[in-house]
Amino acid sequence: MTQTDGFATRGTSAPPIATRIAMWSGPRNISTALMRAWGNRPDTFVTDEPFYAHYLKQTGVEHPGADEVIAAHETDWRKVVAWLTGPVPEDRRIWYQKHMTHHMLPGVSRDWFGQMRHAFLIREPREMLASLLKKHPSATLPETGLPQQLEIFEHVRRQTGVTPPVIDAKDVLLDPRGVLSRLCAALAVEFDESMLSWPAGRRATDGVWAKYWYENVERSTGFEPYRERNGTLPPEAEALARECERLYRVLADVRLR
């Protein structure tokens, strides 16, 4: 992980005041497409799942390219936090950080949260589970990220005294301009039309796991129109779906509309 001195002054001008955005999502969502949207802004630097290597090393879960991820990315969560709260790379004004909620293991401190503006990305549970279970048939509730997402949401709400913005993947795909405009307003950031489309291809800011997971996003040039997915689940997954729905509903009820 390379840390760039993003606050280096230019002549006598003052360094930019950083806006750090932590976007919290679970798996099988549009989180990478949303990272593309923010990454296409000229004022924004993006970071891709900075706690992933720590998560893989600590849990030993079998993910594609796990050894490669651990070798290429920082595995010490304290160093990750120091980087995320340090100078913004490339002298950008905004630092958009894409986080997976299940990567925030219990031993990772939340003390740094106060330096971020937080937002939450959710997806209808049955659609999410139908996609997740294809890759991880034995996935458990913690692997959906929903318990951790609600825990982080409630932590941020207690810490700040306000309800952080929540957006739903379906709403974004149905109305990208409208939902992203409202999200930007909630984060006190001006909306930029460049967020609605981007060039195809991989980015230098993508994690080394991109070759395993980002094929569809790499072909994309914008948000695809919403289409209803088959949310049919095996009978043994119904209890998991009900628990996911309960957690999802708490967040969905306060989402930006």
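Residues numbered from 1 in each chain as written. Predicted model: local features only at pLDDT ≥ 70, side-chain atom pairs only at ≥ 80, totals over all residues. Heavy atoms only, no water.

> Teacher, can you tell me more about the packing of helix α7 (residues 146–160) against helix α12 (residues 238–252) here?
A pair of packed helices is captured by two measures, namely the crossing angle of their axes and the spacing between those axes. Here α7 crosses α12 at 30°, and the two axes come no closer than 9 Å. Considered as vectors, α7 and α12 are oriented roughly parallel to each other. Seen from above, α7 lies across α12 with left-handed handedness. Where α7 abuts α12, its residues L146, P147, Q149, L150 and F153 lie against C244, L247, Y248, V250 and L251. For the contact of α7 with α12, the class distribution of residues is nine nonpolar, one polar and no charged. (Axes fitted to C-alpha atoms, helices over the stretch in contact; angles between N-to-C directions. Helix = DSSP H or I, 4+ residues; strand = E, 2+ residues; numbered from the N terminus. Parallel < 35°, antiparallel > 145°, perpendicular 65-115°, else oblique. Left-handed = near helix turned anticlockwise from the far one by under 90°. Contact = heavy atoms within 4.5 Å. Nonpolar A, V, L, I, M, F, W, Y, C, P; charged D, E, K, R; others polar.)

> Honestly, the confidence of the model for the protein chain in this entry has me stumped. Any pointers?
Detailed reading of the predicted coordinates is not advisable wherever pLDDT falls low. The pLDDT averaged across the protein chain works out to 92; a share of 94% of its residues lies at or above 70. Residue range residues 1–15 is modelled with pLDDT below 50. Its contacts to residues more than four positions away, or to other chains, number 30 contacts. (pLDDT = per-residue confidence, 0-100.)

> What is the right way to look at the side chain of T19 in this model?
Relative to the assigned elements, T19 resides in strand β1 (residues 19–25). When near neighbours in sequence (up to four residues on either side) are disregarded, T19 contacts R93, I94, W95, R117 and V189.

> Where do I start with empty space enclosed by the protein in this structure?
A water-sized probe, rolled over the atoms, reveals where empty space remains. Counted under the stated rule, the structure contains one cavity of 30 Å³ or more. Empty space within the largest cavity amounts to approximately 80 Å³. Of all elements in the fold, only β4 (117–122) and α7 reach the threshold of two or more residues within the lining of the largest cavity. Its residues assigned to classes, the lining of the largest cavity shows five nonpolar, four polar and one charged. (1 Å grid on protein atoms, 1.4 Å probe; cavity = no way out; pocket = protein on both sides within 12 Å on 5 of 7 lines; lining within 4 Å. Points joined across faces, edges and corners; volume = space filled by probe spheres on them.)

> Honestly, the pattern of salt bridges in this entry has me stumped. Any pointers?
Oppositely charged side chains are able to pair whenever their charged atoms sit close together. For the coordinates displayed, the defined rule picks out 19 salt bridges. The residue K211 makes a salt bridge to E68 at a minimum N-O spacing of 3.1 Å. A residue pair is termed long-range when its members are at least 10 positions apart, and K211 in helix α10 (residues 210–213) and E68 in helix α3 (residues 66–72) qualify at 143 residues. Residues D175 and R182 are paired through a salt bridge, measuring 3.9 Å at the closest nitrogen-oxygen approach. According to the relative accessible area criterion, R182 is partly exposed, its value standing at 32%. (Salt bridge = Lys/Arg side-chain N within 4 Å of Asp/Glu carboxyl O. Buried < 20%, exposed > 50% of the residue type's maximum accessible area, 1.4 Å probe, protein only.)

> Please clarify how unusual backbone geometry should be interpreted in this entry.
Glycine aside, a negative phi is what most residues show, and trans is what most peptide bonds show. The backbone of R28 shows a phi angle near 55°, a positive value even though the residue is not glycine. Tracing the backbone shows R28 in the loop between β1 and α1 (31–39). Of note, A188 is a non-glycine position whose phi angle comes to about 60°, a positive value. By the secondary structure assignment, A188 is in the loop between α9 (176–186) and α10.

> Which parts of the structure should I look at to understand the nonpolar core?
One broad trend across soluble globular proteins is that nonpolar side chains are buried collectively. Core analysis: the largest hydrophobic core is formed by 49 residues, its most contacted members being W24, F51, L84, M104, W112 and L129. Of all the secondary structure elements, the ones that give two or more residues to this core are β1, α2 (52–59), α3, α4 (77–84), β4, α5 (125–135), α7 and α12. With residues near it in sequence (within four places) discarded, L129 still touches T144, L233, L240, A241 and C244. Of all hydrophobic cores here, the second largest spans 28 residues; its members include M35, W38, Y96 and L121. (Core = buried A, V, L, I, M, F, W, Y, C linked by side-chain atoms within 4.5 Å.)

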